[in-house]
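Summary of the model geometry
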Amino acid sequence: HWKPDPRLFLHAAETMGFEPKNCIVIEDSDHGIHAAKTAGMQVYGYAGRTPKYKLENAGATIIEDMRALINILPSF
């Protein structure tokens, strides 16, 4: 199934033993953002090559540099 169908994200979470609400998705497409949000996951939109407004309009929190993840993601 293709995005924006959430089943890919739900399958990944289930396979890894996580509840969707405890997952964070980094996406660079509006379809992927819609899929992750529909799955009940927190979504960050990577605006490296995708226009920021598209990711924001889809409902993602924007990051423009992957190095920013160290300050966003919880430590394990």
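Residues numbered from 1 in each chain as written. Predicted model: local features only at pLDDT ≥ 70, side-chain atom pairs only at ≥ 80, totals over all residues. Heavy atoms only, no water.

Considering soluble globular proteins, one finds that nonpolar side chains tend to be buried as a cluster. Membership of the largest hydrophobic core comes to 14 residues, with the highest contact counts inside it found for Phe9, Val25, Ile33, Ala36, Met41 and Val43. For this core, the secondary structure elements donating two or more residues are helix H1 (7-16), helix H2 (30-38) and helix H3 (52-58). With residues near it in sequence (within four places) discarded, methionine 41 still touches Phe9, Leu10, Ala13, Pro20, Cys23, Val25 and Ala36. (Core = buried A, V, L, I, M, F, W, Y, C linked by side-chain atoms within 4.5 Å. Buried < 20%, exposed > 50% of the residue type's maximum accessible area, 1.4 Å probe, protein only. Helix = DSSP H or I, 4+ residues; strand = E, 2+ residues; numbered from the N terminus. Contact = heavy atoms within 4.5 Å.)

Turning to the side chain of threonine 50, a few remarks are in order. Here threonine 50 is to be found in the loop between strand E2 (42-46) and H3. There is a polar contact of 2.6 Å between the side chain of threonine 50 and the backbone oxygen of aspartate 28. When near neighbours in sequence (up to four residues on either side) are disregarded, threonine 50 contacts Asp28 and Leu55. (Polar contact = N/O pair within 3.5 Å; in protein donor to acceptor, adjacent residues only side chain to side chain.)

You can see glutamate 27 is positioned in strand E1 (residues 24-27). A distance of 2.6 Å separates polar atoms of two side chains, one belonging to glutamate 27 and the other to lysine 3. Only 3.2 Å separates the side chain of glutamate 27 from the side chain of serine 29, close enough to count as a polar contact. Apart from residues lying up to four places away in sequence, glutamate 27 is in contact with Lys3, Phe9, Gly32, Ile33, Val43, Tyr44, Gly45 and Tyr46.

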